[in-house]
Amino acid sequence: MELNLTPLNLTGEQEVRPVVIAGPCSAETEEQVMNTANGLAKKGVKLFRAGIWKPRTKPGGFEGIGEEGIAWMQRVQKELHMKVCTEVATHAHVEAALKAGIDVLWIGARTVANPFAMQEIADSLKGVDVPVLVKNPVNPDLELWIGGLQRINQAGITRLGVIHRGFSTYEKKIYRNLPMWHIPIELRRRCPNLPIICDPSHIGGARELVAPLCQQAMDLGFDGLIIESHCNPDAAWSDAKQQVTPDVLDFILDKLVIRNITESTESLDTLRQQIDEIDNSLIELLAKRMRISREIGQYKKEHDMTVVQTMRYTEILDKRGAQGVLCGMDADFIKAVFENIHEESVRQQMDVMNKD
Ligand code: PEP
Ligand code: MN
């Protein structure tokens, strides 16, 4: 994909990997912004994030402090010499942010999913030199992500980067948003000079997942991290569960192992990540299958039926074996897998039967 890019250079200084952007999900009060920024500045963080306009799933929640928060960001710039970043979603947001001298703009996942909104933002950015970070759209659609990048790039923005924040899923998983690492990896393959920043806070949705996700992003050769950090995370007005204190953030960054980007290990890591992801999906699918087995067990119990019904079992083994061979696997291997699955399924059904 052809994008006209110039170095992102967010800090204005010589950049080392990873570039770190940190700050609260939302700017809440002047005190919260200054306390958090102070804590982060002491740890050497140079890029401060805070959402001023917040896209919330349902109305009635905290939808951001609005323009009042801009003056707080300006205090962070002046007093702590940090660069400040915020999310823009409309023409009015872009105008207000640019007028106030916000250093870096990002476009949120819900906005990137909407080409009308992306075009509106792109039109507002014409003739401006500001770095823009485009989050992945909420849905796992690489073309939509690329389309959004092209719109912003065509408006003349060359200091462009992306934020990988994971993809929405209906089913409850360990992650708030599935990482689906293969999508940013494919983006890197198609556009090798486009910096990728990982957002472990929105992928994980939980404090304890921030550190491992940061490490995975580094192992994949990503360029930076955007991490939600709050002076008092439990009291945060949005995304409380995923925010960490500046001290914890410093600890996480300190423990990160930053490996040299070399082609051979990077591609091995990439493949291993894909294996991990597939194994996770396999376990989740098996668990789903077992839940259905338990429902079948309940039905059989209520209708006085026996657990093992031989004809159905033989049919499953035959059909799956044939399917497996069509997909290039050994028939005995598939048979063994399904015998084991069936055994656990029977155990689950017996368990339901034996409950009062
Ligand atoms: C955020 O960064 O606080 C945010 C709203 O993120 P996303 O657009 O990824 O949901
Ligand atoms: Mn958030």
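Residues numbered from 1 in each chain as written. Chains lettered and ligands numbered in written order. Predicted model: local features only at pLDDT ≥ 70, side-chain atom pairs only at ≥ 80, totals over all residues. Heavy atoms only, no water.

Q: I keep staring at the pattern of salt bridges and nothing clicks. Help me out?
A: When the charged atoms of two side chains lie near each other, side chains of opposite charge can form a pair. One pass over the full model with this rule turns up 21 salt bridges. Among the ionic pairs, Arg176 bridges to Asp239, the shortest N-O distance being 3.2 Å. With Arg176 in the loop between β6 (160-164) and α7 (182-190) and Asp239 in the loop between β8 (224-228) and α10 (246-255), the pair connects residues that are 63 residues apart, well separated along the chain. Look at Asp239 and you get buried, because its relative accessible area is 18%. With its nearest N and O atoms 2.3 Å apart, the salt bridge here joins Asp219 to Arg259. Of this pair, Asp219 sits in helix α9 (residues 207-219) while Arg259 sits in the loop between α10 and α11 (263-302), placing them 40 residues apart in sequence. Note on Arg259: relative accessible area 42%, which makes it partly exposed. Members of the salt-bridge network, linked through shared partners, are Glu143, Glu186, Arg189 and Arg190. (Salt bridge = Lys/Arg side-chain N within 4 Å of Asp/Glu carboxyl O. Helix = DSSP H or I, 4+ residues; strand = E, 2+ residues; numbered from the N terminus. Buried < 20%, exposed > 50% of the residue type's maximum accessible area, 1.4 Å probe, protein only.)

Q: I would appreciate a short explanation of the pairing of strand β1 (residues 19-23) in the present structure.
A: Within a regular strand, the side chains alternate between the two sheet faces. Extensive coverage of β1 is indicated by the burial of five of its five residues. Residues Val19, Ile21 and Gly23 of β1 are buried on one face, and the alternating residues Val20 and Ala22, pointing to the opposite face, are buried as well. Judged from the five bridges that link them, β1 and β8 form a sheet pairing that is parallel. Bridged to Val20 within β8 is Leu225. The β-α-β motif built from β1, the intervening helix α1 (residues 30-42) and the parallel element strand β2 (residues 47-49) has right-handed crossover chirality. (Pairing = 2+ DSSP bridges. Right-handed = clockwise from strand over helix to strand, strands pointing away.)

The values reported here are purely geometric and, on their own, carry no functional implication.
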